[in-house]
Amino acid sequence: MSSIKEIQQLITPELEALNRLIASTLDSPNELMNRIVENYLRTKGKQIRPIMVILSAKLLGEVNENVIRAAAAVELLHNASLIHDDVVDETKIRRNTPTINGIWDNHIAVLVGDFFVSSSLQRAMATGDLRIINAIARLGKLLSIGELDQIYCARFHNLTEPAYMQTIERKTASLFMACVEMGGYAVGATDADIASISEFARLLGLCFQIKDDIFDYYEEKQIGKPTGNDLREGKITLPLLHVLESDRSEQRDTMSELSQKEELTTEDINRLISYAKENGGIDYAYDTMERLKAQATPILDRFANKEVTRYFADILDYTINRDL
């Protein structure tokens, strides 16, 4: 199995072109903006989303300038959503690094996030492909709706697994789907091929968010960002949700009532985390990812380029087994 670093090395020229384009796009006449952006770009993360754009283009055709532009557009929009999420969630640390709002303040962070959104649209426009522009615009809407879905479910206690899956499809899977769709559009792929790889990306995106939600049940030092945040915000994710739906013991009512408190203490959060773990919630979340993987893997068999489909399969395995 190829690691993410190995896949990055195999597409080094494309990623270097991507990062040059992102840096030039974010260059501005404002000294403060440039200082903030320069510091922010020092920690790029694994860039899985633009990698998905590039790999889908390689799967369905050949990488061209519009592929790099589309990859830049989606990476910029993704980072804009992270910057805004950090403001909403009052997150001060991400990837073991202080967030923009942690260093400066919410006002500046929101403005920087808006700058990233506009820069994303600029890169999409540069492709001259209305389908790519529409994909970015639609994605921005879905990311917002997904976050509001989660807030709605938390506030009104709409705690069902179907509601959870719909929410994470909008807030996370939609991003992965947009990546491969834009890669396909940029190389002139057929609608049928784009639809197939998009379904793979949807299932991959669901796994990605479920694994992210699992991280919220472990100690902060293990993953480099605060844990228990979802519960603190009233968001019941799959591990606890499954236990609350399946548990038939007397403890269930107490825990359900506790999970719906307006404000949870650290002790409350630790009780809910222990309850989820001890009653198989984490195991169920992993089983769910394995079921999604079983649906996703056969989709790759439809494509002739086995080298690239192996990379997609490796990213799926990485998503389920990653440490952060």
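Residues numbered from 1 in each chain as written. Predicted model: local features only at pLDDT ≥ 70, side-chain atom pairs only at ≥ 80, totals over all residues. Heavy atoms only, no water.

**Student:** I would appreciate a short explanation of the overall build of the protein chain in the present structure.
**Tutor:** Assigned secondary structure in the protein chain consists of 17 helices and 2 strands. In terms of C-alpha radius of gyration, the protein chain reaches 20 Å, essentially the compact-globule figure of 20 Å for 324 residues. For the protein chain, buried positions account for 53% of its 324 residues. In the protein chain, 76% of the contacts between residues at least 6 apart in sequence involve partners at least 24 apart. Carbon and sulfur atoms make up 49% of the accessible area of the protein chain, which totals about 15,100 Å². Side chains of the protein chain carry 36 positive and 49 negative charges; the gap between the two charge centres is 3 Å. (Helix = DSSP H or I, 4+ residues; strand = E, 2+ residues; numbered from the N terminus. Rg over C-alpha atoms; globule rule 2.2 N^0.38 Å. Buried < 20%, exposed > 50% of the residue type's maximum accessible area, 1.4 Å probe, protein only. Contact = heavy atoms within 4.5 Å. Areas by Shrake-Rupley, 256 points an atom, 1.4 Å probe, with all protein chains shown as cover. Lys, Arg positive; Asp, Glu negative; His and termini not counted. Charge placed at Lys NZ, Arg CZ, Asp CG, Glu CD.)

**Student:** What am I meant to see in the packing of aromatic side chains here?
**Tutor:** For any two aromatic rings, the description comes down to two numbers: the centre-to-centre distance and the angle of the planes. Here the structure, examined in full by the defined rule, presents 3 aromatic pairs. With centroids separated by 5.5 Å and ring planes inclined at 75°, the aromatic side chains of tyrosine 40 and phenylalanine 116 adopt a geometry described as edge-to-face. Linking tyrosine 40 in helix 3 (residues 31-40) with phenylalanine 116 in helix 7 (residues 106-126), this pair joins segments that are 76 residues apart in sequence. For tyrosine 40, a relative accessible area of 14% translates into the label buried. For the pair phenylalanine 176 and phenylalanine 208, a centre-to-centre distance of 5.2 Å together with 45° between the ring planes defines the contact as tilted. Within this pair, whereas phenylalanine 176 is found in helix 9 (residues 161-186), its partner phenylalanine 208 is found in helix 10 (residues 191-215), the two being separated by 32 residues in sequence. In terms of burial, phenylalanine 176 and phenylalanine 208 fall into one category: buried. Taking the ring centre of phenylalanine 208 as reference, the NZ or CZ of arginine 49 above it sits at 5.0 Å. (Phe/Tyr/Trp six-rings, centres within 6.5 Å; stacked < 30°, edge-to-face > 60°. Lys NZ or Arg CZ within 6 Å of the ring centre and 35° of its normal.)

**Student:** How should the pattern of salt bridges be read in this particular structure?
**Tutor:** Note that side chains of opposite charge can pair when their charged atoms are close. As enumerated under the stated definition, the model contains 15 salt bridges in all. Of the charged contacts in the structure, one is a salt bridge between lysine 171 and glutamate 147, with a shortest N-O distance of 3.5 Å. Of this pair, lysine 171 sits in helix 9 while glutamate 147 sits in helix 8 (residues 130-156), and the two are 24 residues apart along the sequence. According to the relative accessible area criterion, lysine 171 is buried, its value standing at 17%. In this structure, the salt-bridge partner of aspartate 149 is arginine 170, at a minimum N-O distance of 2.6 Å. With a gap of 21 residues between them, aspartate 149 in helix 8 and arginine 170 in helix 9 connect regions that are remote in the sequence. Residue classification places arginine 170 among the partly exposed positions, given a relative accessible area of 26%. Through salt bridges with shared partners, one network takes in Glu169, Glu199 and Arg202. (Salt bridge = Lys/Arg side-chain N within 4 Å of Asp/Glu carboxyl O.)

**Student:** I'm lost on the side chain of threonine 127 in this one. Help?
**Tutor:** In this structure, threonine 127 sits in the loop between helix 7 and helix 8. Contacts of threonine 127, omitting those with residues within four sequence positions, involve Asn66, Arg69, Ala70 and Ile132.

**Student:** How should the environment of glycine 281 be read in this particular structure?
**Tutor:** You can see glycine 281 is positioned in helix 16 (residues 281-300). Residue class for glycine 281 comes out buried when judged on its relative accessible area of 0%. Residues glycine 281 and leucine 238, 43 residues apart in the sequence, show an inter-C-alpha distance of 7.3 Å.

**Student:** Looking at this structure, I do not really get the nonpolar core. What am I missing?
**Tutor:** It is characteristic of soluble globular proteins that their nonpolar side chains tend to be buried jointly. Counting 104 residues, the largest nonpolar core has Met52 and Phe312 as the members making the most contacts within it. With sequence-adjacent residues up to four places away left out, methionine 52 is seen in contact with Phe176, Cys179, Val180, Ala201, Leu204, Phe312 and Ile315. (Core = buried A, V, L, I, M, F, W, Y, C linked by side-chain atoms within 4.5 Å.)

**Student:** Can you walk me through unusual backbone geometry in this structure?
**Tutor:** Note: most residues except glycine have negative phi, and most peptide bonds are trans. One non-glycine residue with positive phi stands out, namely glutamine 47, at about 55°. By the element assignment, glutamine 47 lies in the loop between helix 3 and helix 4 (48-60). Accessibility expressed as a relative area gives 9% for glutamine 47, which makes it buried. The phi torsion at glutamate 90 lies on the positive side, around 55°, for a residue other than glycine. For glutamate 90, a relative accessible area of 59% puts it in the exposed group.

**Student:** Teacher, can you tell me more about helix 9 here?
**Tutor:** One full turn of an α-helix is made of 3.6 residues, so residues set three or four places apart face in the same direction. Taking 1.5 Å of rise per residue, the 26 residues of helix 9 would be expected to cover 38 Å, and the 36 Å separating its terminal C-alpha atoms lies within 8% of that figure. Within helix 9, the axis deviates most sharply at alanine 173, by approximately 45°. Looking one or two residues beyond helix 9, the residue adopting positive phi is glycine 188, at roughly 70°. (Expected span 1.5 Å × (residues − 1). Bend = angle between axes of the 7 residues up to and from the residue.)

Purely geometric numbers; function is a separate question.
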